[in-house]
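So the chains spell out like this:
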Amino acid sequence: VQLVESGGGLVQPGESLRLSCAASGFTFSSYDMSWYRQAPGKERELVAAITSAGGRTNYADSMKGRFTISRDNAKNTVYLQMNSLKPEDTAVYYCNVDLGVVVGDYWGQGTQVTVSS
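In this report, the structure presented in the accompanying data block is examined.

Criteria and cut-off values
Residues numbered from 1 in each chain as written. Predicted model: local features only at pLDDT ≥ 70, side-chain atom pairs only at ≥ 80, totals over all residues. Heavy atoms only, no water. Salt bridge = Lys/Arg side-chain N within 4 Å of Asp/Glu carboxyl O. Phe/Tyr/Trp six-rings, centres within 6.5 Å; stacked < 30°, edge-to-face > 60°. Lys NZ or Arg CZ within 6 Å of the ring centre and 35° of its normal. Helix = DSSP H or I, 4+ residues; strand = E, 2+ residues; numbered from the N terminus. Pairing = 2+ DSSP bridges.

1. Quick word on the pattern of salt bridges
Within this structure, the stated rule accounts for four salt bridges. Here Glu45 and Arg37 are joined by a salt bridge, their closest N and O atoms 2.7 Å apart. With its nearest N and O atoms 3.2 Å apart, the salt bridge here joins Asp61 to Lys64. Salt bridges sharing partners connect three or more residues here, namely Arg37, Glu45, Arg66 and Asp89.

Dropping the structure here:
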């Protein structure tokens, strides 16, 4: 199982970024996918999640209306579109998949997002 995030960077407040997570090693279209983030000195928190077929999404309250999670099952990729970024969105963003109790869950290496003027 491999999850590879990309798309992070340094942006100014109010700008946008789109993160990508390329997945391999499992049947991507069969599993829900999630994005988490971890800011310095803080615990990792859920950002957004999407069901296997993409029909349902879920967001943390502070991201609702600004972030959009989506997926392309043909490309084995999940995305996170982030608009109206704020300095408090600065964090390392991780892609996650939970393959069940027996197999466990997997994380990517993370991609740094820094929002600063």
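2. Description of the packing of aromatic side chains
Within a pair of aromatic rings, the relevant descriptors are the distance that separates the centres and the angle that separates the planes. In total, this model carries four aromatic pairs according to the counting rule given. Among the aromatic residues, ring-to-ring pairing joins Phe26, Phe28 and Tyr31 into one connected group. In this arrangement the basic side chain of Arg44 is found over the ring face of Tyr94, its NZ or CZ atom lying 3.8 Å from the centre. Looking at Arg71, its charged tip hangs above the ring of Phe28, at a distance of 4.3 Å from the centre.

3. Regarding unusual backbone geometry
Positive phi values are uncommon outside glycine, yet Asn76 reaches one of about 55°. The backbone of Ser84 sits at a positive phi, close to 50°, despite the residue not being glycine. Tracing the backbone through its elements, the reader meets Ser84 in the loop between strand 8 (77–82) and strand 9 (91–98).

4. Some points on the pairing of strand 4 (residues 33–38)
Pairing geometry for strand 4 and strand 5 (residues 45–50), over five bridges, is antiparallel. Directly across from Trp35, in strand 5, lies its bridge partner Ala48. The hairpin formed by strand 4 and strand 5 contains six residues between the paired strands, and Gly41 there has a positive phi angle of roughly 75°. By the bridge criterion, five bridges tie strand 4 to strand 9 in an arrangement that is antiparallel. Paired with Tyr36 across the two strands is Tyr94, which belongs to strand 9.

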